[in-house]
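# Secondary and tertiary structure notes
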Amino acid sequence: MAKFEIKMPKLGESITEGTIISWSVKVGDKIEEDDVLFEVNTAKVSAEIPSPVAGKILEILFKEGDTVAVGVVVAVVELDDEGEDEETAPAESAQQDSPASSEQTSKATSEEKAPAPASVRDEKVSKGTEERWYSPVVLQKAKEAGVGQDELDKIEGTGYLGRVSKRDIEVYIDNKKKGVTSTTISKPVKTEKAAPSAPSPQQDAPKAAPVTVSDGDQVIAMDPIRRIIADRMVASKKTSPHVTNVIEVDVTKLVRWREANKDAFKKREGISLTYMPAIAEATAKALKDFPRVNSSVDGYNIVEKKHINLGFAVSLNDGNLIVPVIKDADKLSLSGIASSINSMANKARANKLMPDEIQGGTFTITNFGSFKSIFGTPIINQPEVAILGVGIIEKKPSVIETPEGDVIAIRHKMYLSLSYDHRVIDGMLGGNFLYSIAQYLENWNEK
């Protein structure tokens, strides 16, 4: 029997370790492909890790509560015969003390040199063009749906170590039938005469001032999530020269529209209508108007993103933050955005977000208005180049121009703040982008 090593997966950008919360199996258990093995908690997400293979649990190398580095083996599975492929097939047959072993080896070598028929390749292939592993279930479903090897290699995997899971291939096949494949195919970035990456100057980080602990002081160790948040915030300030613009927005039309539609929306959609979907929709429109803001920096290259994937900061019950991502937000209706925000926020607070739901963001929105803050200067979520801060909506006296002259009226106003990376966004672009969001909100006419 061949053995298969289960390693700690990388469940997000910049994740280097995960803490095992619980095991769903024990040594000796028989498992099927996609059975949940264990739950892991990282700085970004808690996720249930499924098995990519069928077999029996031989070893469990770490216990619940252990923090394990990405890539370290946490369990060993003895594979079922039908789950073996060319890569994991047992090698002991070539090492048996048999007179025919050398002849079999020679014969196998000559057969490997000869090209295999297409039909055999379709049945036996278990690796993509870049040594990508596929389970028998995935291969069978791909074959039944007429999904070729090249097409299969392009599907983004959300499973263990980025592999294509049964759910991935099922979703892809379903989308293909509907004529939608762009959201599930990972295409290489095309560059023309890209400039060389900028050297990263190595500078000694300033040492923090020593902290004196007095009698009665309570010393609280940061949990793993808070430690990574702290490191990422410091790294972001060191990476991007931050500049912040602030604008006051008259959202009276938006407030009146929400008041007139919130009850019908709740009855129709089953969720409360907040201001965040409207702000997200206005932001997505502005990002289409100013694509440079929807980008990342790679050395001396600027990578403008094709997709507009909006992240929004969610406060968790333990005081930490997580940023779920709405993919292709510019293609969603207001109801679709509202549903996505509500669903992901609930999943985030229940530690049920999937890895693909917290990756791939191109722009982030943080709403500190929910905590009654007027405005703030948020820190950019790397590798993005800008982040929008949303303040509280307040009633304010305002001068209004009318045909009969200026009058003072009560208006609903809020502050929006944009922190941006001055390496690629100058004041004119940052100001125009922020003003564009304001104009969409001030002239709100959603039906």
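## Observations regarding the overall build of the protein chain
- Helix and strand content of the protein chain: ten helices and 19 strands.
- Counting every position in the protein chain, which comprises 447 residues, the buried fraction comes to 39%.
- Considering only contacts in the protein chain between residues 6 or more positions apart, those separated by 24 or more positions represent 64%.
- Accessible surface for the protein chain amounts to roughly 25600 Å². Of this, 51% is attributable to carbon and sulfur atoms.

## Observations concerning the packing of aromatic side chains
- Under the criterion given, the structure shown has five aromatic pairs.
- Judged by centre distance (4.9 Å) and plane angle (50°), the rings of Trp-23 and Phe-38 are tilted. Note that Trp-23 is positioned in strand β2 (residues 17-23) and Phe-38 in strand β4 (residues 36-41), a separation of 15 residues in sequence. Each member of the pair Trp-23 and Phe-38 is classed as buried.

## A few points about the confidence of the model for the protein chain
- Confidence in the prediction for the protein chain averages 81 pLDDT; 78% of positions are at 70 or higher.
- Throughout residues 82-131 the model reports pLDDT below 50, and contacts reaching past four residues in sequence, or to other chains, amount to 37 contacts.
- Here residues 197-202 is modelled with pLDDT under 50, and outside its nearest four sequence neighbours on either side it reaches six contacts, counting other chains as well.

## A look at the nonpolar core
- One finds Leu-310, Phe-363, Leu-388, Leu-416 and Leu-441 to be the most contacted residues of the largest nonpolar core, which totals 54 residues.
- Setting aside anything within four residues of it in sequence, one finds Leu-310 in contact with Ala-280, Thr-283, Ala-284, Leu-287, Pro-324, Val-325, Ile-326, Ala-329, Phe-363 and Ile-365.
- Ranked by size, the runner-up nonpolar core spans 21 residues in total, among them Ile-6, Ile-31, Ala-47 and Ile-57.

## Details of a nonpolar patch on the surface
- Together, Val-211, Val-213 and Val-219 line one region of the surface with nonpolar side chains, adding up to about 340 Å² of accessible area.
- Inspection of the secondary structure puts Val-219 in the loop between α5 (166-178) and α6 (224-239).
- Under the relative-accessibility criterion, Val-219 is labelled exposed at 68%.

## Let's talk about the pairing of strand β11 (residues 301-304)
- Here strand β10 (residues 295-298) pairs with β11 via four bridges, running antiparallel. Each residue of the ladder has a partner; that of Ser-295, found in β11, is Glu-304.
- Connecting β10 to the next strand, β11, in antiparallel fashion are two residues, including Gly-299 with a positive phi near 65°.

Reading the values: the criteria
- Residues numbered from 1 in each chain as written.
- Predicted model: local features only at pLDDT ≥ 70, side-chain atom pairs only at ≥ 80, totals over all residues.
- Heavy atoms only, no water.
- Helix = DSSP H or I, 4+ residues; strand = E, 2+ residues; numbered from the N terminus.
- Buried < 20%, exposed > 50% of the residue type's maximum accessible area, 1.4 Å probe, protein only.
- Contact = heavy atoms within 4.5 Å.
- Areas by Shrake-Rupley, 256 points an atom, 1.4 Å probe, with all protein chains shown as cover.
- Phe/Tyr/Trp six-rings, centres within 6.5 Å; stacked < 30°, edge-to-face > 60°.
- pLDDT = per-residue confidence, 0-100.
- Core = buried A, V, L, I, M, F, W, Y, C linked by side-chain atoms within 4.5 Å.
- Patch = residues over 30% accessible without salt bridge, like charges linked within 9 Å, V, L, I, M, F, W, Y side chains within 5 Å.
- Salt bridge = Lys/Arg side-chain N within 4 Å of Asp/Glu carboxyl O.
- Pairing = 2+ DSSP bridges.

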